[in-house]
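An overview of the molecular structure
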Amino acid sequence: MSAEIETTVSGRGAAGRIVLALAVAAPAVIVRLAGVELAPVAAMVVFGAAVLASVALLMWASEAARVDISGSLALAILALVAILPEYAVDIFFAYTAGHDPAYAAYATANMTGANRLLIGVAWPLLVAFAIFAVRRRRVRGERDRVTLAPHRRTEIVFLAAATVYALVIPLTGRLAWYDTLVLGGLFAAYLWRIRGNEEGVEELAGVAATVAAQPAARRRGLVAALFVAAGAIILAAAEPFGDSLVAAGADLGIDEFLLVQWLAPIASEAPEVIVAITFALHGRADDGMGALLAAKLNQWTLLIACLPIAYYLGGGEFAGLPLDARQTEELVLTTAQTLLGVAVLADLRLTRGEALLLFGLFAVQFVLPAPNIRYVIAAVYTVLAVALLIRQRRHVPALIKSL
């Protein structure tokens, strides 16, 4: 893969945006180093803003690094780097659950929330902005759908394999060491499968493009500095942000599980979704969807695989992280939604109607939050997925061949 650079932001403008991100993160780092205790709601805002800033820094660094690293394998690794804040928060919850059982539910809450946001909100948003760009801004693309490149089948088929395996996890009642082996193995197999693949020209814009346009030595130094700064911010903010979410829920009278499930993922996923939407607005909806697919696959395989390890290292049983009735319900619902997402993309198209369906079923979960209704929604996801796969069965052999 080569990179085509479109410097839409001046050097001064790029520097200003980087400084702004660092300024947003600075209070969290200062508070953590000083050992100051903030009120839960204030801590949630301060450390949540830092997590958001770290994601922006990681996204800019990852995009700019593409000038020096080519191939689909590099893109997958960079996509993984870009969602490290999500991993940091989730792994903190799992690690803490090893010696404080009260935190056990929060690890799965954060993971299921992040996964469902990607399919239920990010995918439909990308389709909406892609269609808007074609109809109103006259960019290249289709007027009622997003069509993916053939090489996206690799992500789809590995996502399908992970989803089929995830159907078994609720039956065992825990996230166990063998889940780590299977899902971690699937992610490793995915990286092996795409090694050396080339994807043509990758266009860069904004801050990433300005950094990428610098002379090689300066560019690499800037990318390294952005990665280091983001890593330091994550180390400073992840743990107190997780703690503050739980404490703030109690102070505000909000279910802590729901606060952890939705607020933390929104903070960590937002910059990546913004980047994907930017791609769509520039007529590059396939690139945007590719980024969201890579993030979903990372979180649905490697992130889940990390949780039993973090739980054990935190003092938990080797058998794995136990799942209560609520966590099982969330996992079933997330698995069913992912199954429908795979079915929708089997023909490498995501139409306006399919995007509305994904968003509508996601929204119903909030209107009708009762556990029995959520199992009904999971059943609807599953029935629709099976029906779509039967309807699009002619595309299944091409998916299998992409393994």
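Our subject is the structure listed above.
The sections below set out a description of the structure shown in this document. Computed from a prediction, not measured in an experiment: that's the story for all the values here.

1. Comments concerning the packing of helix H8 (residues 177-193) against helix H12 (residues 285-313)
For the pair H8 and H12, the least separation of the axes is 8 Å and the interaxial angle reads 145°. Judged by the twist between their axes, the crossing of H8 over H12 is left-handed. Between H8 and H12, the residues in contact are Trp177, Thr180, Leu183, Gly184, Phe187 and Tyr190 and Leu297, Asn298, Trp300, Thr301, Leu302, Ile304, Ala305, Pro308 and Ile309, respectively. Taken together, the residues of the contact of H8 with H12 break down into 11 nonpolar, four polar and no charged.

2. Observations concerning the nonpolar core
Ranked by internal contacts, the top residues of the largest apolar core, which has 120 residues, are Phe93, Trp123 and Leu345. If one sorts the elements of this core by residue count, helix H5 (residues 104-136) sits on top with 16 residues. Apart from residues lying up to four places away in sequence, leucine 345 is in contact with Trp123, Leu148, Ile156, Met289, Leu293 and Leu350.

3. What to know about helix H14 (residues 352-367)
In a regular helix each residue adds 1.5 Å, so 16 residues correspond to 22 Å; H14 covers 22 Å between its end C-alpha atoms and thus fits that length. Every buried residue of H14 is listed here: Glu354, Ala355, Leu358, Leu361, Phe362 and Gln365. Along the axis of H14, the buried residues cluster in a sector spanning 135°; they form a single face. Exposed side of H14, more than 90 degrees from the buried face: Leu356 and Val367 are the residues found there.

4. Considering a nonpolar patch on the surface
Taken together, the side chains of Tyr95, Trp177, Tyr178, Leu181, Val182, Ile309, Tyr312, Leu313 and Phe318 present a nonpolar region at the surface, about 920 Å² in accessible area. When residues of the nonpolar patch are traced back to their parent elements, those giving at least two are H8 and H12. For the nonpolar patch, the leading source of residues is H8, giving four residues. Along the polypeptide, tyrosine 312 turns up in helix H12. Using a relative accessible area of 45% as the deciding quantity, one classes tyrosine 312 as partly exposed.

5. Some remarks on the layout of surface pockets
Estimates place the volume of the second largest pocket at around 270 Å³. Lining the second largest pocket are 14 residues; nearest its centre among them are Arg32, Val36, Glu37, Phe47 and Pro240. Among the elements that take part in the lining of the second largest pocket, helix H10 (residues 216-252) stands out by supplying five residues, more than any other. Residue classes in the lining of the second largest pocket are distributed as eight nonpolar, two polar and four charged.

6. Observations regarding the packing of helix H4 (residues 84-97) against H5
Running from N to C, H4 and H5 cross one another at 160°; their axes reach a closest spacing of 7 Å. When the axis of H4 is compared with that of H5, the two are roughly antiparallel. Here the hand of the crossing between H4 and H5 comes out left-handed. Mapping the contact onto sequence places Glu86, Val89, Asp90, Phe93, Ala94 and Ala97 in H4 and Ala104, Tyr106, Ala107, Asn110, Met111 and Ala114 in H5. Residue composition of the contact of H4 with H5, grouped by class: nine nonpolar, one polar and two charged.

The rules we used
Residues numbered from 1 in each chain as written. Predicted model: local features only at pLDDT ≥ 70, side-chain atom pairs only at ≥ 80, totals over all residues. Heavy atoms only, no water. Axes fitted to C-alpha atoms, helices over the stretch in contact; angles between N-to-C directions. Helix = DSSP H or I, 4+ residues; strand = E, 2+ residues; numbered from the N terminus. Left-handed = near helix turned anticlockwise from the far one by under 90°. Contact = heavy atoms within 4.5 Å. Nonpolar A, V, L, I, M, F, W, Y, C, P; charged D, E, K, R; others polar. Core = buried A, V, L, I, M, F, W, Y, C linked by side-chain atoms within 4.5 Å. Buried < 20%, exposed > 50% of the residue type's maximum accessible area, 1.4 Å probe, protein only. Expected span 1.5 Å × (residues − 1). Arc of directions from axis to C-beta. Patch = residues over 30% accessible without salt bridge, like charges linked within 9 Å, V, L, I, M, F, W, Y side chains within 5 Å. Areas by Shrake-Rupley, 256 points an atom, 1.4 Å probe, with all protein chains shown as cover. Salt bridge = Lys/Arg side-chain N within 4 Å of Asp/Glu carboxyl O. 1 Å grid on protein atoms, 1.4 Å probe; cavity = no way out; pocket = protein on both sides within 12 Å on 5 of 7 lines; lining within 4 Å. Points joined across faces, edges and corners; volume = space filled by probe spheres on them. Parallel < 35°, antiparallel > 145°, perpendicular 65-115°, else oblique.

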